[in-house]
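Topology and contacts: notes
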Amino acid sequence: MDIEAVKDQAGPRQFGPNDDMPEEYRRAATRMIQFHANSEVMGGYLDKEFTRHAPSLDRKLANTAKVQDEIGHAQLLYRAAETLGVKTREEMLDELKNGEGKFLNCFHYPVDSWYEAPMIDFFVDGGAMRRQATLKSTSWTPYAHAMDKVCFEEGFHVKHGESILRELMRGSKATQERTQETFEEWWPRILQFFGPTNDESTHNDFAQEVGLKTTSNDELRNSFLNLYIPKAEKYGLEIPESPRVFERDDGTMAVREDDLDWEEFWTIAKNDYEGSHEQIGSRRRRQEAVAWVRESLDGWEGSAAGTSQAAD
Ligand SMILES: [Fe+2]
Ligand SMILES: [Fe+2]
């Protein structure tokens with residue numbers, strides 16, 4: 001199949017490992033799924049900090065379960081990416097460790113307080129839900145199947161984040177003020193989560209033409225704002241004046257792009273932000289620290305015991 005045929009068929013049709021797909025499609029799909037898988041790992045790494053800060057045993061347990069979910073999502077997605085035959089899971093994990101793997105902007109900012117938990121677990125996961133729900137009909141079938149399980153669990157994550165936000169906003173005045181301040185710090189990052197406007201996004205057009213993406217960045221941001229601004233206000237958060245969010249003539253929501261720091265966004269996109277180095281370094285140290293587990297498993301799989309066990 002050539003790329004024009006893929007574009008013609010994408011939408012009504014999905015493709016899988018048995019289809020003869022052009023290299024251009026395979027590379028674009030790998031780039032997109034790898035980015036998503038990396039973001040699950042790095043999101044999980046950010047979230048694990050909250051287990052230390054969580055104010056009760058129940059919150060610690062729930063947070064630990066969420067971190068495990070995120071790492072599980074990464075595993076599913078690396079496997080879905082492998083089905084394209086471009087890179088192995090190990091190569092993708094090494095790229096992440098070496099600072100070549102790209103991931104979502106919000107996960108480049110280190111966190112150090114419990115007030116940040118709902119910013120990630122409610123707003124960022126809520127944004128991720130908007131995007132991921134549309135990916136259940138992405139044109140690469142293994143990716144779409146992975147999204148079924150991922151979306152099911154993300155629904156719990158958003159509830160978990162909402163419950164933390166509700167608790168904080170019912171706390172003392174000082175707690176409410178701290179939550180509002182943290183929200184103001186995170187708001188621009190959350191708005192940038194969906195990427196730049198459609199005109200600026202490098203891979204947007206092609207990914208939509210071949211059905212990998214079914215919805216544009218602007219449409220996703222609009223649907224997120226429509227849903228989450230009322231939710232934020234319901235819990236008593238005030239939407240900051242800047243970056244300014246406004247209603248367009250057609251009733252859709254948009255952000256005044258000039259209010260956002262796109263230089264910082266593009267530095268992050270190159271993994272060159274100071275937080276990026278910290279987050280990637282942390283990931284690299286963890287991966288190296290457990291290398292012995294991988295090596296012993298490799299050795300065991302190749303051994304007589306591993307072979308007979310696998311055959312059972
Ligand atoms: Fe996830
Ligand atoms: Fe999540």
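Here goes a summary of the coordinates provided. (Residues numbered from 1 in each chain as written. Chains lettered and ligands numbered in written order. Predicted model: local features only at pLDDT ≥ 70, side-chain atom pairs only at ≥ 80, totals over all residues. Heavy atoms only, no water.)

1. A word on the overall build of the protein
To keep it simple, the criterion reads: Numbering of helices and strands runs from the N terminus, with a helix taken as a DSSP run of H or I at least four residues long and a strand as a DSSP run of E at least two residues long. Using C-alpha atoms as the atom set, the radius of gyration is obtained and then compared with a globule rule of 2.2 Å times the number of residues to the power 0.38. Relative accessible area decides the class of each residue, using a 1.4 Å probe on protein chains only: under 20% of the type maximum gives buried, over 50% gives exposed, and in between gives partly exposed. Two residues qualify as a contact provided that any one of their heavy atoms is within 4.5 Å of a heavy atom in the partner residue. Note on areas: Shrake-Rupley with a 1.4 Å probe; residue coverage comes only from the protein chains shown. Only four residue types enter the tally: Lys and Arg on the positive side, Asp and Glu on the negative side; His and the chain ends are excluded. For the purpose of locating charges, the reference atoms are NZ of Lys, CZ of Arg, CG of Asp and CD of Glu.
Of regular secondary structure, the protein possesses 13 helices and two strands. Taking 2.2 N^0.38 as the reference for a compact globule, 312 residues should give roughly 20 Å; the C-alpha atoms of the protein span a radius of gyration of 20 Å, in line with that estimate. If you line up the protein on its principal axes, its C-alpha atoms span 65 × 50 × 35 Å. Counting over 312 residues, the protein shows a buried share of 50%. If you take every contact in the protein between residues at least 6 apart in sequence, the share linking residues at least 24 apart comes to 74%. Here the protein displays about 15100 Å² of accessible surface, and carbon together with sulfur accounts for 49% of that area. With 38 positive and 58 negative side-chain charges, the protein shows a separation of 4 Å between the mean positions of the two kinds.

2. Examining the coordination of the iron ion (ligand 2)
Quick reminder of the rule: Water is not part of the atom set, so a site may look incomplete; the donors themselves are N, O and S atoms within 2.8 Å of the metal, or 3.2 Å for Na, K and Ca.
Taken together, the protein ligands of the iron ion (ligand 2) are Glu-70 (OE), Asp-125 (OD), Glu-154 (OE), Glu-154 (OE) and His-157 (ND1), with distances of 2.1 to 2.6 Å. Mapped onto the polypeptide sequence, the residues donating to the iron ion (ligand 2) form the spacing pattern E-x54-D-x28-E-x2-H. Between the two metals, the iron ion (ligand 2) and the iron ion (ligand 1), the spacing is 3.4 Å, and Glu-70 donates to both. Here Glu-154 lies in helix H6 (residues 141-169) and Asp-125 lies in helix H5 (residues 117-134), a separation of 29 residues in the sequence. For the pair shown, Asp-125 and Glu-154 are each scored as buried.

3. Let's talk about the coordination of the iron ion (ligand 1)
Note the cut-off: Square planar and octahedral assignments, for four and six donors respectively, both demand that opposite donors be over 155 degrees apart and that all other angles lie between 65 and 115; tetrahedral needs four donors with all angles between 85 and 135 degrees, and anything else is irregular.
Of the protein atoms, only Glu-40 (OE), Glu-70 (OE), His-73 (ND1) and Glu-154 (OE) coordinate the iron ion (ligand 1), at distances of 2.0 to 2.2 Å. One way to put it: the four donor atoms around the iron ion (ligand 1) meet at angles of 87 to 158°, and that makes the site irregular.

4. Comments concerning a negative patch on the surface
Inclusion rule: Only residues whose relative accessible area exceeds 30% and that form no salt bridge enter a patch; like-charged residues are grouped when within 9 Å of one another, and nonpolar side chains (Val, Leu, Ile, Met, Phe, Trp, Tyr) when within 5 Å. Throughout this description, the term salt bridge denotes a Lys or Arg side-chain nitrogen within 4 Å of a carboxyl oxygen of Asp or Glu.
A cluster of acidic side chains, namely Glu-181, Glu-184, Glu-233 and Glu-238, defines a negative patch on the protein surface. Summarising the element assignment, Glu-238 is placed in the loop between helix H9 (217-234) and strand E1 (245-247).

5. Observations concerning the side chain of Gln-34
Short version of the rule: Contacts described as polar in this section are N or O atom pairs within 3.5 Å, which, within protein, must combine one atom able to donate a hydrogen with one able to accept it, while residues neighboring in sequence count only if both atoms come from side chains.
Within the secondary structure, Gln-34 is located in helix H2 (residues 23-53). In this structure Gln-34 comes out as buried when scored by relative accessible area, which is 6%. A polar contact is formed between the side chain of Gln-34 and the side chain of Lys-87, at a distance of 2.9 Å.

6. Overview of the nonpolar core
Note the cut-off: Among buried residues, those of type Ala, Val, Leu, Ile, Met, Phe, Trp, Tyr and Cys that are joined through side-chain atoms within 4.5 Å constitute a nonpolar core.
Counting 80 residues, the largest nonpolar core has Tyr-25, Phe-107, Phe-123, Trp-140, Leu-212 and Leu-225 as its most contacted members. Considering each element in turn, this core owes the most residues, 11 residues, to H2. Every residue in contact with Leu-212, bar those within four places of it in the chain, is listed here: Tyr-25, Ala-28, Ala-29, Met-32, Leu-135, Thr-138, Ser-139, Trp-140 and Ala-207.

7. Remarks on the packing of aromatic side chains
So the rule is basically this: Two rings from Phe, Tyr or Trp (for Trp, the six-membered ring) form a pair when their centres sit within 6.5 Å of each other. Planes less than 30 degrees apart are called stacked, planes more than 60 degrees apart edge-to-face, and all others tilted. Remark: a charge is flagged as sitting over a ring if the NZ atom of Lys or the CZ atom of Arg is within 6 Å of the ring centre and within 35 degrees of the ring normal.
Inspection of the entire model under this criterion finds 16 aromatic pairs. Both rings, one in Tyr-25 and one in Trp-140, keep their centres 6.0 Å apart while their planes meet at 55°; by these two values the pair is tilted. One end of the pair, Tyr-25, is in helix H2; the other, Trp-140, is in the loop between H5 and H6, and 115 residues separate them in sequence. Of the two residues examined, Tyr-25 and Trp-140, each falls in the buried class. Each member of the aromatic cluster is reached from another via a ring pair, and the members are Phe-122, Phe-123, Phe-183, Trp-187, Phe-193, Phe-194, Phe-224 and Tyr-228. Seen from the ring of Tyr-109, Arg-189 lies directly overhead, with NZ or CZ sitting 3.8 Å from the centre. Its guanidinium or amino end placed over the ring of Tyr-228, Lys-231 lies 5.6 Å from that ring's centre, counting from NZ or CZ.

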